[in-house]
Amino acid sequence: MKEESSSNISPFEYDRDGTLIRYTGRGGAVVVPKGVKIGAYAFKDCTDITQLIISEGVTIGNFAFENCTGIKKLTIPEGVQIGNFAFSGCEGINQLTIHQDVKIGVYAFECCTAINKLTIHQDLTIGSHAFQHCTGITQLIIYKGVTIGPQAFDGCTGITQL
């Protein structure tokens, strides 16, 4: 009988519908596969994740990565939907790039205080209060065709370059 190596064991648990409902890995770099639906709270408080790679077409549920304070750099690719409060309290993210055709839910990045450079590409929708109290943002780059909800940048007192 051949023993299965730990590298073959998935760090994700899925429900019957194929929704990723819980992360059971050890942290470090985490790759979310293309087209996956991440359920609410699936990664909440996973502070050992240092690098998060999200593939195209992923749907991120409400509170999915709340308080994942170890994530430093985050790029959101095309076609991703980000739920409400999805990255709220991720205080370690210091560089955030969001590509086109992305929907950002309300309070999605609330209190991500380390973000200093934020680049938002065209054809996306930013929900209300999405970046509320992201006091570290100093450089904000927004391309054409972006719909910005009410008070999306409320309390972002550090913006010096727009």
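For the structure itself, consult the block above.
All of the points below concern the structure found in this document.

Calculation rules
Residues numbered from 1 in each chain as written. Predicted model: local features only at pLDDT ≥ 70, side-chain atom pairs only at ≥ 80, totals over all residues. Heavy atoms only, no water. Core = buried A, V, L, I, M, F, W, Y, C linked by side-chain atoms within 4.5 Å. Buried < 20%, exposed > 50% of the residue type's maximum accessible area, 1.4 Å probe, protein only. Helix = DSSP H or I, 4+ residues; strand = E, 2+ residues; numbered from the N terminus. Contact = heavy atoms within 4.5 Å. Phe/Tyr/Trp six-rings, centres within 6.5 Å; stacked < 30°, edge-to-face > 60°. Patch = residues over 30% accessible without salt bridge, like charges linked within 9 Å, V, L, I, M, F, W, Y side chains within 5 Å. Areas by Shrake-Rupley, 256 points an atom, 1.4 Å probe, with all protein chains shown as cover. Salt bridge = Lys/Arg side-chain N within 4 Å of Asp/Glu carboxyl O.

1. Structural notes on the nonpolar core
Formed by 48 residues in total, the largest nonpolar core has its most connected members in F43, I60, I82, F87, I104, F109 and F131. Looking at this core, the elements that each hand over two or more residues are β2 (20-23), β3 (28-32), β5 (49-54), β7 (73-76), β9 (95-98), β11 (117-120) and β12 (124-126). The leading source of residues in this core is β5, at three residues. Setting aside its immediate chain neighbours within four residues, I60 contacts I38, I54, F65, V80, Q81, I82, G83, A86 and F87.

2. Overview of the packing of aromatic side chains
Within the structure shown, the criterion is met by twelve aromatic pairs. With centroids separated by 6.2 Å and ring planes inclined at 70 degrees, the aromatic side chains of F12 and F43 adopt a geometry described as edge-to-face. In this pair, F12 sits in strand β1 (residues 12-14) while F43 sits in the loop between β4 (37-38) and β5, placing the two residues 31 residues apart along the sequence. Relative to F43, the ring of Y23 lies with its centre 5.1 Å away and its plane at 20 degrees, an arrangement referred to as stacked.

3. Some remarks on a nonpolar patch on the surface
Taken together, I142, I148 and L162 make up a surface patch of nonpolar side chains, about 300 Å² in accessible area. Relative to the helices and strands, I148 is located in strand β14 (residues 146-148). Using a relative accessible area of 41% as the deciding quantity, one classes I148 as partly exposed.

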